[in-house]
Amino acid sequence: MGTEAVEMSRLKNGEAQNSRHKQTDQVPAEGFTALSDEYDGNLGKVSDSLENNIHSDAKRARQQKELTFQDMYQNQDMFDDDDDDSDWEPMQKSLEVMKWFCRNCTMVNLDDINHCDICGEHRESKILSYGFFASPYAEDNDLTEAKPKIKKEVGIQDVATSPSTAIGFDERMLLHAEVQMKSHPHPERPDRLKAIAASLATAGIFPGRCYPISAREITREELLLVHSLEHIESVEATNQMISSYFTPDTYANEHSAQAARLAAGLCSDLASAIVSGRVKNGFALVRPPGHHAGVRQAMGFCLHNNAAVAALSAQVAGARKVLILDWDVHHGNGTQEIFEQNKSVLYISLHRHEGGRFYPGTGAAEEVGSMGAEGYCVNIPWSRGGVGDNDYIFALQNVVLPLASEFAPDLTIISAGFDAARGDPLGCCDVTPSGYAYMTNMLNALSGGKLLVILEGGYNLRSISSSATAVVKALLGESPEFELGNNFPSKAGLQTVLEVLKIQMNFWPSLEPIFGNLQSQWGMYCLGEKRKQSKKRRRVQLPMWWKWGRKSFIYYFLNGHLRLKSKRSF
């Protein structure tokens, strides 16, 4: 389990640095399989020692010390605290540690349990057949298996005259996969698309209520508007390699270059179709993701920047101004780099930052754009994990929508990572499917409803499929099952929004009244909440029987009533 924890920590915190693009050699599988061989040798040593010195406690103690701490931790049952070991018999030399990987969250589990220790998903879950409609507890026998395979595709030019929602998807993108599985399956895996497609099919949304469009591969000329020639050629070179890596966590195989071209091509065509009015809005069900891919580098699971390609294609189709809202839990450093000097694209990102300690480390509120485009890059960096619906919606109400209304985009693009969703193993935040649908409705009011949603991250299959389905339903015009109620942000969320407003109102003066209002209104709210919590803590800490017993003086003193009772004699 230590190996898995280290690997996930590396992915979450962004400790992996860029490395030279290279072909990898075949190596033995890591994790429990490798440890099994180590156990074989160690157990052989223990067996030999016991045969020669079966009654020698000292010999046995020395033999245990030869094993590593990890060996002893993983095999605690090998050692018995009872001093009498006369009836002990050596274990079999071949020790196999049986395991299974959770389909939903990829975490490793021992063979003697049927539900994932992390997310609770059953080991035989049918989530890839039914999506999030499948039961997480056991196999489903009462659902009709979904058929996510698209049998009929239509081109954008063939879409019905009544504009509707289009979805871009191609099964060839499923061929992009990590060849060499390490300690556990890579979080960015083909199952992500399979689970979403199965959910949409089970719900009768796609195929059904949405139009599928035929995929095409983006051309080199179109990619050159976003990426350097060197970067494009480095991605293309992977089609000659069975397995390769751009960074320790950004893999490629022989199909990855084509998958990346298909993803970018679908996003480009959807953006053009929405701007021209041939479709109302669209959802790009694509991978590999793109918002970490910059002008010259692939990183963070991303090869080509799909949102950037879509924005520039929209401008070619007639959109003068494009808004890109990135709600992926990680900062889209690649998208920011591409447009940081461009005033025709407003980039707004909501992400965990934590002072630069969360991957990829960029996206501080002070990063506002450059070279005359200051203010056209807006970062809303959360200072902690666990951020939920209220903080996101509060930020949209007080930062995103006021800026977007003044900017007046002709097309709105959402870089829709669902790794801020509840249950995601990398994001560790708390946005619900209803929260995502509500935010989609809020943004749908911009650009005359011309909205393109592009899939980015999201690594819990149940979270990503339920969230994506809720967003597509919102694109179709369904009202989300979400009651806003008292949209009180957390104290940390409020502080982040105030920090962003204070910086951005230097470039957008219309934000100044909002900043002043929040300072006065929410400052008093936070102060009042702090006093209530402090008073509550004092009362809870003191036993009620002190009030009438010999300790009543201490009770009244600590609860602030000393003035009323100070003259009592005890």
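Residues numbered from 1 in each chain as written. Predicted model: local features only at pLDDT ≥ 70, side-chain atom pairs only at ≥ 80, totals over all residues. Heavy atoms only, no water.

In the annotation of an unreviewed UniProt entry, the chain is listed under the name histone deacetylase and assigned to Acacia crassicarpa. According to the UniProt record, the Subcellular location (unreviewed entry) comment for the chain reads "Nucleus". As stated in UniProt under Cofactor (unreviewed entry), the record for the chain gives "Zn(2+)". (UniProt positions renumbered as here; feature names shortened; annotations may be inferred.)

(A) Region of the structure containing the overall build of the chain. Within the chain one finds 19 helices and 13 strands. Partitioning the intrachain contacts of the chain with sequence separation of at least 6 by distance along the chain shows that 73% fall at a separation of at least 24. Counting only carbon and sulfur atoms, one obtains 50% of the accessible surface of the chain, whose full area is about 26100 Å². (Helix = DSSP H or I, 4+ residues; strand = E, 2+ residues; numbered from the N terminus. Contact = heavy atoms within 4.5 Å. Areas by Shrake-Rupley, 256 points an atom, 1.4 Å probe, with all protein chains shown as cover.)

(B) Geometry of the side chain of H231. By secondary structure assignment, the location of H231 is in helix α9 (residues 229-236). Discounting chain neighbours no more than four positions away, the residues touching H231 are V295, R296, Q297, A298, L303 and H304.

(C) Just the pairing of strand β10 (residues 345-352), in detail. Among the 8 residues that make up β10, 8 are buried, leaving the element largely enclosed by the rest of the structure. Residues of β10 alternate between two faces, with V345, Y347, S349 and H351 on one and L346, I348, L350 and R352 on the opposite face, all of them buried. Pairing geometry for strand β9 (residues 322-326) and β10, over 5 bridges, is parallel. Considered in β10, the bridge of D326 is made with S349. (Buried < 20%, exposed > 50% of the residue type's maximum accessible area, 1.4 Å probe, protein only. Pairing = 2+ DSSP bridges.)

(D) Structural context of the sheet that holds β9. In space, the 8 strands of this open sheet follow the order β5-β4-β8-β13-β12-β9-β10-β11, with parallel pairing throughout. Because the sheet does not close on itself, it has two edges, and the strands there are β5 (211-213) and β11 (377-382). Neighbouring strand axes in the sheet, compared pairwise and without regard to direction, differ in orientation by 15° on average. Bridge count between strand β8 (residues 281-284) and strand β13 (residues 451-455): 4 bridges; the pairing is parallel. The residue bridging N281 from the neighbouring strand is L451, located in β13. (Axes fitted to C-alpha atoms, helices over the stretch in contact; angles between N-to-C directions.)

(E) Layout of the packing of helix α14 (residues 433-444) against helix α15 (residues 461-475). In the contact formed by α14 and α15, the axes pass within 8 Å of each other and the chain directions differ by 30°. The angle between α14 and α15 places the two elements in the roughly parallel class. The two elements α14 and α15 cross, and the hand of that crossing is right-handed. Touching P433, Y436, A437, T440 and N441 of α14 are S466, S467, A470, V471, A474 and L475, all from α15. (Parallel < 35°, antiparallel > 145°, perpendicular 65-115°, else oblique. Left-handed = near helix turned anticlockwise from the far one by under 90°.)

(F) Inspection of helix α13 (residues 389-407) at higher detail. Of all the bends in α13, the largest measures some 45° and sits at L396. Burial of α13 is extensive: 14 of the 19 residues sit out of reach of the surface. (Bend = angle between axes of the 7 residues up to and from the residue.)

(G) Looking closely at the packing of aromatic side chains. This structure, assessed with the given rule, holds 8 aromatic pairs. Note on Y376 and F407: the rings are 6.1 Å apart at their centroids and 70° apart in plane angle, and the pair reads as edge-to-face. Taken together, the positions of Y376 in the loop between β10 and β11 and F407 in helix α13 put the pair 31 residues apart, joining distant regions of the chain. Across the pair, F407 and Y376 agree in class, each one buried. Each residue in the set W327, F418 and Y436 is aromatic and connected to the rest through ring pairs, giving one cluster. In this structure, K182 packs its charged tip against the face of Y245, placed 4.6 Å from the ring centre. When the ring centre of F407 is taken as reference, the NZ or CZ atom of K321 above it lies at 5.2 Å. (Phe/Tyr/Trp six-rings, centres within 6.5 Å; stacked < 30°, edge-to-face > 60°. Lys NZ or Arg CZ within 6 Å of the ring centre and 35° of its normal.)

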